[in-house]
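# Overview (structure and organization)
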Amino acid sequence: MKRAVPLTITFITGFLIIIGFFIPHDPIGGLQSTFLQWYAIIVGFTMVLGLMTLAKVHTRKILRREAGFGYSTVLIGAMITTLSVGFYSGVKYGIFETGTPFMWYYNNIFVPLSATMFSLLAFFITSAAYRAFRARNIDAALLLIAGALVMIGRVPVGDIIWSKFPDVAEWIMNIPQMAAKRGILIGIALGMIATSLRIILGIERTYLR
Amino acid sequence: MWILILLFQISPPLKVQVFDTPNDKGGSISIEWELSPDDSLLSYYEVFRKLSTEEYNLIATPPPGSNRFEDNSTKDGEPYWYKVRAVSPTGYTDSEPSGPVVSSAQWFHHKRWNALILGIIFCSFLLYYIKKAKIKKSLFIRKISGLEAVDEAVGRATELGKSILYLTGLSDMSEISTIASLSILGRVAKKAAEYGTTLIVPCYDPVVMSAAQETVKQAHMEAGRPDTYDESKIFYLTADQFGYAAGVDGIILREKPGAVFLQGYFFAEALILAETGASIGAIQIAGTPATTQLPFFVAACDYTLIGEEMFAASSYLSKEPTMLGSIKGEDYAKIIIMILISIGILFVTLSNVGILKSLAFNFINWFSSF
């Protein structure tokens, strides 16, 4: 019974969504968006659960003086500050109004921090490219040559060195690269269909643990 | 004066057609027209609508260059008339009224016949091989080194006395990739529980966190070690992309896990996470259906499950015949797709060189008309 009920719900829901893809007529056609709305409501509640878990884990770390508890203090402090500023701004000026303390906090602290993390990508691409482009075998050598040709074909200096470099780069991207990518995408689509079917039919139950 | 007005009078929109919007749930009528010959001189168009007993009411002002508008506020069964006005700074001209037209809901999406036919064929293959697997029991599935290495990674982390870090990606529970990731997590968690190794699962989505907690808890019970389950190790981090990347990087650098699993849908943060993992020398097994992130994982990780391999993981690891049967069915579906692609290439080639040109064109048009 513990498994039969969720499996039945999964089967009916999955089946209705598949049918809804082919039948636009109400009530079947609009079922997917209705289910997604229900999901969004559930997510709203679980977000509170998530925040409570986060607060619990780090408060415990601080109380027990576990290794790295200083970071937990920063996290709890930032969490309380954000919530306080958000509530204050929301009540006094309205949510997401420009020029509020919350938007100042968001634009001057949150956005630069996110941008800093994103900018790290440039350094990581360099280190990953160094490893990937070491010509240890034929595959890596091919990757190195293709990568170098695409890079040189996509910068103005490539066109100056040899006018055909941009064409070569385009050919690599449009023919071999696209063929490989589409092959992978077809496999992914089939994998998704097979997994969905296994879930709907109750063969795949790992999500029901 | 009248001659001047006539000289500057702009041409109206031509051939206005109104029809029930196809393949929808009703409540919508489409209006299409040919652009006024003076389209470049226009300020905008105006679309008017009326019921039989009413005057025309303005319902939309599409910009110049528009030749289509969808009126999504109709009542099914009511007859409507429409006209389109071309408006310029010097005046306006109306098209002939068009109608009556009635909106209605459709019971079948006629542009999705191809999806239905191919879906039935693929599902038939899958169901046939699932059934066959139940009888035959043994099916050959090629070795997937990324999945073979799962136990090795857990074992290595245990030998080093280090923890295991498992990331489920940045998608929610409505994504198949997240469900596939949780299947792999179940296997990793069971091995980790058997060996008594700490498993850390920072989550991007609180629903995924709840599902991951249940998965790991069940894995500990299956391993006969329910006492070692620690809920606080599977926690919500943040739903901000780079906040999550920063948080996970911090965990990697502080905890220095012996094995890192990156299984799920990742975006631009993929390389930040994988490179940080590589910098501490952890054995890394990645898997994602995100084709844009696959090259980064291939470059930075020890093993990468490419696309479909990730979806096959739960079947591969469980070794259950019914699960493996579906993978076999997938392979045959791939053969069908390869045949269809070959036929498509043949027809496109024939249509270019002139042999059977009309037949090839007709086939291509028929196939792409869905």
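Residues numbered from 1 in each chain as written. Chains lettered and ligands numbered in written order. Predicted model: local features only at pLDDT ≥ 70, side-chain atom pairs only at ≥ 80, totals over all residues. Heavy atoms only, no water.

The subject of this paragraph is the overall build of chain B. Looking only at helices and strands, chain B features 11 helices and 14 strands. For 370 residues, the compact-globule estimate of 2.2 N^0.38 gives 21 Å, and the C-alpha radius of gyration of chain B, at 30 Å, exceeds that figure by more than 25%. If one aligns the C-alpha atoms of chain B with their principal axes, the spans along those axes are about 95 × 50 × 45 Å. Across the 370 residues in chain B, those meeting the buried criterion constitute 50%. Counting only contacts in chain B whose residues sit at least 6 apart along the sequence, the fraction spanning at least 24 positions is 66%. Distance from the positive charge centre (31 side chains) to the negative charge centre (39 side chains) of chain B: 9 Å. (Helix = DSSP H or I, 4+ residues; strand = E, 2+ residues; numbered from the N terminus. Rg over C-alpha atoms; globule rule 2.2 N^0.38 Å. Buried < 20%, exposed > 50% of the residue type's maximum accessible area, 1.4 Å probe, protein only. Contact = heavy atoms within 4.5 Å. Lys, Arg positive; Asp, Glu negative; His and termini not counted. Charge placed at Lys NZ, Arg CZ, Asp CG, Glu CD.)

Right, let's talk about a positive patch on the surface for a bit. The grouping of K2, R3 and R205 of chain A together with K217 of chain B at the surface amounts to a positive patch. Assignment of secondary structure puts R3 of chain A in the segment before helix 1 (4–22). (Patch = residues over 30% accessible without salt bridge, like charges linked within 9 Å, V, L, I, M, F, W, Y side chains within 5 Å. Areas by Shrake-Rupley, 256 points an atom, 1.4 Å probe, with all protein chains shown as cover. Salt bridge = Lys/Arg side-chain N within 4 Å of Asp/Glu carboxyl O.)

On to helix 9 (residues 308–318) of chain B. Residues and elements named next belong to chain B. The element helix 9 is largely enclosed, with a buried count of nine among its 11 residues. Taken together, the buried positions of helix 9 are E309, M310, F311, A312, A313, S314, S315, Y316 and L317. A positive backbone phi angle near 60 degrees is found at K319, which sits one or two residues after helix 9.

The next subject is the packing of helix 9 of chain B against helix 10 (residues 321–353) of chain B. Residue and element names in this part refer to chain B. In contact at an axis separation of 7 Å, helix 9 and helix 10 are set at 145 degrees when each is read in the N-to-C sense. For the pair formed by helix 9 and helix 10, the contact residues are E308, A312, S314, S315, Y316 and S318 on the first element and M323, L324, S326, I327, E330 and K334 on the second. When the residues that make up the contact of helix 9 with helix 10 are grouped by side-chain class, the tally is five nonpolar, four polar and three charged. (Axes fitted to C-alpha atoms, helices over the stretch in contact; angles between N-to-C directions. Nonpolar A, V, L, I, M, F, W, Y, C, P; charged D, E, K, R; others polar.)

This part takes up the side chain of S88 of chain B. Mapped onto the elements, S88 of chain B comes out in strand 6 (residues 79–88). Setting aside residues no more than four positions away along its own chain, S88 of chain B makes contact with I10, L41, L42 and S43 of chain B.

Turning to the interface of chain A and chain B, a few remarks are in order. On the chain B side, the residues contacting the 52 residues of chain A number 74 residues. Contact between chain A and chain B buries roughly 5500 Å² in total, counting both sides, with carbon and sulfur atoms accounting for 73%. In this structure, the connection of chain A to chain B is made through zero salt bridges. Contributing elements (two or more residues each) for the side of chain A that touches chain B: helix 1, helix 2 (31–63), helix 4 (101–132) and helix 7 (165–200) of chain A. (Buried area = accessible area lost by both parts, 1.4 Å probe.)

Before going further, it helps to examine the confidence of the model for chain B. Residue-level pLDDT values for chain B average 88, and 95% of them are 70 or greater. Residue range residues 1–6 of chain B is modelled with pLDDT below 50. Its contacts to residues more than four positions away, or to other chains, number zero contacts. (pLDDT = per-residue confidence, 0-100.)

Take the sheet that holds strand 9 (residues 164–169) of chain B next. Residue and element names in this part refer to chain B. One open sheet accounts for six strands, arranged 11-10-9-12-13-14; its pairing is parallel. The two strands at the open ends of the sheet, each matched to only one other strand, are strand 11 (234–236) and strand 14 (303–306). Taken over all neighbouring pairs, the strand axes of this sheet differ in orientation by 15 degrees on average, direction set aside. The sheet contact formed by strand 13 (residues 283–288) and strand 14 spans four bridges and is parallel. From the neighbouring strand, A286 faces strand 14, where its bridge partner is T304. (Pairing = 2+ DSSP bridges.)

Residue and element names in this part refer to chain B. In space, the three strands of this open sheet follow the order 1-2-5, with antiparallel pairing throughout. Edge positions in the open sheet fall to strand 1 (14–20) and strand 5 (68–71), since each of these has one partner strand only. Here the average twist between neighbouring strands, direction ignored, is 15 degrees. Both strand 1 and strand 2 (residues 29–34) contribute to a ladder of five bridges, which runs antiparallel. Note that in strand 2 the partner of Q17 across the bridge is E32.

It is worth spelling out the pattern of salt bridges at this point. All names here are of chain B. Enumeration over the complete set of coordinates arrives at 15 salt bridges over all chains. A salt bridge links K83 to D94; the shortest N-O distance between them is 3.2 Å. Residue K83 is found in strand 6, and its partner D94 is found in strand 7 (residues 91–94); the two are separated by 11 residues along the sequence. In this structure, the salt-bridge partner of D151 is R187, at a minimum N-O distance of 3.2 Å. Of this pair, D151 sits in helix 3 (residues 145–159) while R187 sits in helix 4 (residues 176–195), placing them 36 residues apart in sequence. Take D151: its relative accessible area is 26%, and that puts it in the partly exposed class. Salt bridges here are not isolated pairs; linked through shared partners, they connect E46, K83, R85 and D94.

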